[in-house]
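Descriptive analysis of the structure
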Amino acid sequence: MTPQEHAQAAADLLAAEAAGKQIGLLTQRHPEMDMDDAYAIQNAIHKAKIKAGRSVIGWKIGLTSKAMQYALNIDIPDSGILFDDMMFDHGAVVPAGRFIQPRIEAEIAFVMKARLGGANVTREDVILATDYVAPSIEILDTRIVRRDAGSGRTRNVFDTISDNAANAGIVLGSQKHRVDAFDLRWVGAITSRNGEVEETGLGAGVLNDPVESVVWLARRMAAYGQSIERGQIILSGSFIRPIECLPGAEISADFGSFGRVDIAFG
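Note that the structure is predicted; figures quoted are calculated from it, not measured.

With respect to the helices and strands, the residue Asp141 is situated in the loop between β6 (130–140) and α6 (157–162). For the buried Asp141, no salt bridge exists, and the shortest N-O distance to an oppositely charged side chain is 4.3 Å, to Arg143. At 2.8 Å, the side chain of Asp141 forms a polar contact with the backbone nitrogen of Ile100. When residues no more than four places from it in sequence are discounted, the contact partners of Asp141 are Phe99, Ile100, Gln101, Pro102, Asp163, Ala166, Asn167 and Ala168.

Here you go:
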């Protein structure tokens, strides 16, 4: 893809977000696109949002579980950007019409107290740079159709990365823990919709250890000349499948002694 095509794809995705109307598969429009193209489109969205007055509050890591990687026929995670207008309070109600096809995932969030960057970042570096960890919910949305009605083709990882890794919102629980206070591999959540359990999972589903997910992110960012900054939030990846959130859905992610996160959809 050319830089002009990257810019046009980013503009189309931003327009889709503003209008609440999805666009077609970018991989169908540009069958030659690869992962570098996808991140170039995401970066163009980043620049446009910054120019519009948004600020970056962190990063999300996706496709960390084997189940999701097998489903998309890839062997690495992906990442996206958290902007300031994506933050929702625990217990809040998402206004009706805010998102196109919202879904949620339960995750362990890292909040950083020091800059973290470089191609040789280790898990010890992540632990030292982490201020605290907290229960969280990620709200997903897609500005690209999940399946093309004509061909039956579905989104692939390049579509998803281009669309800011399907990121749309973040909800942090009020509980804060030292990163070494729990074995994060055994931190899990019972996630319910309208009072019925939909999904359960453990932190070990995230690259065997959520800390390793943050290691992966820091190293990937280094390849693009980026770093994780002090105060930023890192969503380390979901250990449950995405849960659909139709209007009126009430979501609760119960992490037991680790905490709880609630969000509802108007």
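Once the structure has been displayed, the description carries forward.
It is worth spelling out the pairing of strand β2 (residues 78–83) at this point. By the criterion of burial, β2 is predominantly enclosed, with 6 of the 6 residues buried. Note: strand β1 (residues 56–62) against β2, 6 bridges, orientation antiparallel. Counted as the bridge partner of Trp59 is Ile81 from β2.

Below, the discussion takes up the sheet that holds strand β12 (residues 250–254). Judged by pairing direction, the sheet is mixed, and its 5 strands sit side by side in the order β4-β13-β12-β8-β9 without closing on themselves. Across the chains shown, the open sheet's two edge strands, defined by having one partner strand only, are β4 (93–94) and β9 (196–202). Both β12 and strand β13 (residues 260–265) contribute to a ladder of 5 bridges, which runs antiparallel. In the sheet register, Glu250 faces β13, and the bridge partner there is Ala264.

Applying the stated criterion across every chain, the model contains 5 aromatic pairs. On the numbers, 5.5 Å between centres and 50 degrees between planes, the contact of Tyr39 with Tyr224 is tilted. Taken together, the residues span a long stretch of sequence, with Tyr39 in helix α3 (residues 35–51) and Tyr224 in the loop between α7 (210–223) and β10 (233–238) at a distance of 185 residues. Judged by its relative accessible area of 38%, Tyr224 falls in the partly exposed class. Pairing Phe239 with Phe255 gives two aromatic rings, centres 6.2 Å apart and planes at 80 degrees, and the pair type is edge-to-face.

Quick notes on the rules
Residues numbered from 1 in each chain as written. Predicted model: local features only at pLDDT ≥ 70, side-chain atom pairs only at ≥ 80, totals over all residues. Heavy atoms only, no water. Helix = DSSP H or I, 4+ residues; strand = E, 2+ residues; numbered from the N terminus. Buried < 20%, exposed > 50% of the residue type's maximum accessible area, 1.4 Å probe, protein only. Lys, Arg positive; Asp, Glu negative; His and termini not counted. Salt bridge = Lys/Arg side-chain N within 4 Å of Asp/Glu carboxyl O. Polar contact = N/O pair within 3.5 Å; in protein donor to acceptor, adjacent residues only side chain to side chain. Contact = heavy atoms within 4.5 Å. Pairing = 2+ DSSP bridges. Phe/Tyr/Trp six-rings, centres within 6.5 Å; stacked < 30°, edge-to-face > 60°.

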